[in-house]
Amino acid sequence: MKEKNIPKYLQLKQEILSWIHSGKLSPDEKIPTEHEIASQFQLSRHTVRQALGELEKEGWLYKIQGSGTFVSKPKQIGKIEIKTVGILTTYISDYIFPHIVRGAEETLREKGYRLLLASTDNNKEREREHLEAMINQPLSGLIIEPTKSAQGNPNLGYYLALNNLNIPYVMINERYLEMSCPYIKMDDEGGGFLLTDHLIDLGHRRIAGFFKTDDLQGVNRLKGFIRAHQEHGVSLSTNNLISYTTEEKETKPLEIARFFLQQPEDERPTAFVCYNDELAIKLLDVIRQQGLVVPEDISVVGFDDSTFATATEVKLTTIRHPKEEMGIKAAEMLIQMIEKQKDDGIKDIIYKPELIVRESAKRI
């Protein structure tokens, strides 16, 4: 009962299911009363009734008038086709993730699947906890976004357990390097190249790149940034390569950008390439604080074409991310795997980057 982004009744439902699967509650055993459960988890009676109602509807519990609620026998449960898919992403309610989840959720619901949602907050320990909990659920399959994919996979054992249990899974945005499961992602290197190539074509030669490199998306965007310089024969100083981690994202890139902007005009970068739109918006604030204007004094480009890209007076040049379409395709791919609709194998999907040119970058 820890996940703040999941409705409380769903958290409780998952908790009671774990009691049933672990044997903590046996068939025909009476479960605690609504009042006892509400007190234990500090929930309202309405929330408890909502969770128990779903479990009863799905055949996990049954009621005896005047006696209470009991655990169904396995043979009763066996008559109910359990079709549940888990979605485990780094975030659920922030940035582009609600769009991805919405696309997957609508597609799954149309096909009669229920959904379990969880987020890792880009923390590998939380990924382990959620994988462990989900493996104990009667899952049909999983859609997973790797957590800090550039820093290895200490939770490999749980992915091997999914393989051994024949629970299919699809990865989105990236894939752990040692895994061979189907995945859907952006061509992040191509996107990093397009942004930098665009700035070089506009005459920029001192370009600083800010990349979050604890995930492979950031590593690949950095590769594209470097490749564009190489292909154009533009020299690149390591001082203009700024890498940071999830834990540093609120401090390090902003501090370094501030330092750059305080340098003499003929020495400071003329453009910033940002890991994503979220960072680009934060750097716009830093630029304003230094009394400078975008794009007159410095050009800024983002990545993902999120709602942030057009949320301020300066509209960002950026790379389109498929967002909702990615969620739809991930759900369709997983359903094909679950229902074995195709015999020729599931093909990975890598989206070609599309440059969205707006007003945040200018020719110099």
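The rules behind the values
Every residue gets a number counted from 1 within its own chain, in the order that chain's sequence is written. Only residues with pLDDT of 70 or above have their local features reported here, since the model is predicted, and side-chain atom pairs are shown and tallied only from 80 upward, although totals for entire chains, interfaces and linings are computed over all residues. Computation of side-chain values: all heavy atoms of the structure, hydrogens and water removed. Numbering goes from the N terminus for both helices and strands, where a helix is a DSSP run of H or I of at least four residues and a strand is a run of E of at least two. A simple rule labels every residue: compare its accessible area, found with a 1.4 Å probe on the protein chains alone, to the largest value its type can have, and call it buried under 20%, exposed over 50%, or partly exposed in between. In the analysis that follows, any N or O atom pair within 3.5 Å is treated as a polar contact, provided that within protein one partner can donate a hydrogen and the other can accept it, and provided that, for residues neighboring in sequence, both atoms belong to side chains. Definition used for salt bridges: Asp or Glu carboxyl oxygen within 4 Å of a side-chain nitrogen of Lys or Arg. Cavities and pockets are found on a 1 Å grid laid over the protein atoms alone: a cavity is a set of points where a 1.4 Å probe fits but cannot escape, a pocket is an open set with protein on both sides within 12 Å along at least five of seven lines, and a lining residue has an atom within 4 Å of such a point. Grid points are joined across faces, edges and corners, and a volume is the space filled by probe spheres set on the points. Under the convention adopted here, Pro, Cys and the residues Ala, Val, Leu, Ile, Met, Phe, Trp and Tyr are nonpolar, Asp, Glu, Lys and Arg are charged, and Gly plus all remaining residues are polar. When DSSP finds at least two bridges between two strands, those strands are taken to pair. Handedness of a crossover is defined as follows: with both strands directed away from the viewer, a clockwise route from the first strand across the helix to the second makes it right-handed. Expected span, for any helix, means 1.5 Å times one less than how many residues it has. Whether two residues touch is decided by their heavy atoms; if any such pair falls within 4.5 Å, the residues are in contact. The angle between two axes is taken between their N-to-C directions and runs from 0 to 180 degrees, where each axis is a line fitted to C-alpha atoms and a helix contributes only its stretch in contact. A residue counts toward a patch only above 30% relative accessible area and without a salt bridge, and it is joined to like-charged neighbours within 9 Å or, for Val, Leu, Ile, Met, Phe, Trp and Tyr, to nonpolar neighbours within 5 Å. Shrake-Rupley sampling with a 1.4 Å probe provides the accessible areas, and residues are treated as covered by the protein chains on show and by no other component. When charges are counted, neither His nor the chain ends are considered; positive counts come from Lys and Arg and negative counts from Asp and Glu. Each charge is placed at NZ for Lys, CZ for Arg, CG for Asp and CD for Glu. For every residue, the predictor states its confidence as a pLDDT score lying anywhere from 0 to 100. It is the directions from the helix axis to the C-beta atoms whose arc is reported.

Structural notes on the environment of N173
Within the secondary structure, N173 sits in the loop between β6 (169–172) and β7 (183–186). With relative accessibility at 6%, the residue N173 sits in the buried group. Polar side-chain contacts of N173 include one of 3.1 Å to the side chain of E145. At a separation of 3.1 Å, a polar atom in the side chain of N173 contacts the side chain of H321.

Some thoughts on the pattern of salt bridges
What the rule picks out here adds up to 23 salt bridges. Its salt-bridge partner being R126, residue D121 comes within 2.6 Å of it at the nearest N-O pair. Take D121: its relative accessible area is 27%, and that puts it in the partly exposed class. Residues E231 and R227 are paired through a salt bridge, measuring 3.2 Å at the closest nitrogen-oxygen approach.

Quick word on empty space enclosed by the protein
Per the counting criterion, the structure on display carries 1 cavity of 30 Å³ or more. By residue class, the composition of the lining of the largest cavity is 7 nonpolar, 2 polar and no charged.

With respect to the pairing of strand β10 (residues 271–274)
A two-sided burial pattern is seen for β10, the buried positions comprising A271 and V273 on one face and F272 and C274 on the other. In the sheet, β10 pairs with strand β11 (residues 299–301) via 3 bridges, with the strands oriented parallel. Residue pairing in the sheet places V273 in a bridge with V301 of β11. What joins β10 to β11 is helix α11 (residues 277–289), and the crossover it makes is right-handed.

Describing helix α1 (residues 8–22)
Across its 15 residues, α1 extends 21 Å between first and last C-alpha, which sits within 8% of the 21 Å expected from 1.5 Å per residue. Restricting attention to buried positions, one finds in α1 the residues Y9, L10, Q11, L12, K13, Q14, I16, L17, W19 and I20. At its buried positions, α1 is contacted by α2 (34–41), α3 (45–57), β1 (61–64), β2 (68–71) and β4 (114–119). A positive backbone phi angle near 90° is found at G23, which sits one or two residues after α1.

Points about the sheet that holds strand β3 (residues 84–89)
Within the open sheet, the 6 strands sit side by side as β4-β3-β5-β6-β7-β13. Their pairing is parallel. Because the sheet does not close on itself, it has two edges, and the strands there are β4 and β13 (349–351). Across the sheet, the mean angle from the axis of one strand to that of its neighbour is 15°, orientation sign disregarded. Note that β6 and β7 share 2 bridges and pair parallel. Within the sheet, the bridge partner assigned to M171 lies in β7 and is Y183.

Considering the environment of H198
Within the secondary structure layout, H198 lies in helix α8 (residues 188–201). Each C-alpha atom, one on H198 and one on V301, is 9.8 Å from the other, the two residues being 103 residues apart in sequence. Sequence-distant contacts of H198, defined by excluding residues within four places in its chain, comprise T317, L355, V357 and A361.

Points about the side chain of R175
Within the element layout of this structure, R175 appears in the loop between β6 and β7. Given a relative accessible area of 17%, R175 falls into the buried group. A polar side-chain atom of R175 sits 2.6 Å from the main-chain carbonyl oxygen of C181. Excluding its chain neighbours within four sequence positions, the residues that come into contact with R175 are P146, S180, C181, Y183, L216 and D348.

Brief notes about unusual backbone geometry
At the junction of V294 and P295, the peptide bond is cis and its omega measures out at 5° in the coordinates. Inspection of the secondary structure assignment puts P295 in the loop between α11 and β11. Of note in this structure, Y95 is not a glycine but carries a positive phi near 55°. Checked against the element boundaries, Y95 lands in the loop between β3 and α5 (97–110). We note that N122 has phi near 55°; this positive angle belongs to a residue other than glycine. Here N122 lies in the loop between β4 and α6 (124–135).

Topic: a negative patch on the surface
Taken together, the side chains of E265, D266, E267, E296 and D297 define an acidic patch exposed on the protein surface. Looking at where E267 falls in the secondary structure, it is placed in the loop between α10 (252–261) and β10.

So, the confidence of the model for the protein chain
Averaged over all residues, the pLDDT of the protein chain is 92; the fraction at 70 or higher stands at 95%. Contacts of residues 75–80 to residues separated by more than four positions or lying in other chains number 5 contacts, the stretch itself having pLDDT below 50.

Examining α3
Under the 1.5 Å per step criterion, the end-to-end length of α3 is 18 Å for 13 residues, consistent within 8% with the ideal 18 Å. Residues of α3 that are buried include every one of T47, V48, A51, L52 and L55, and no others. An end-on view of α3 places all buried positions within 125° of arc, on one side of the element. In α3, the exposed positions that point more than 90 degrees away from the buried face belong to H46 and K57. Where α3 is buried, its residues touch α1, α2 and β1. Immediately downstream of α3, the backbone of G59 shows phi near 95°, a positive value.

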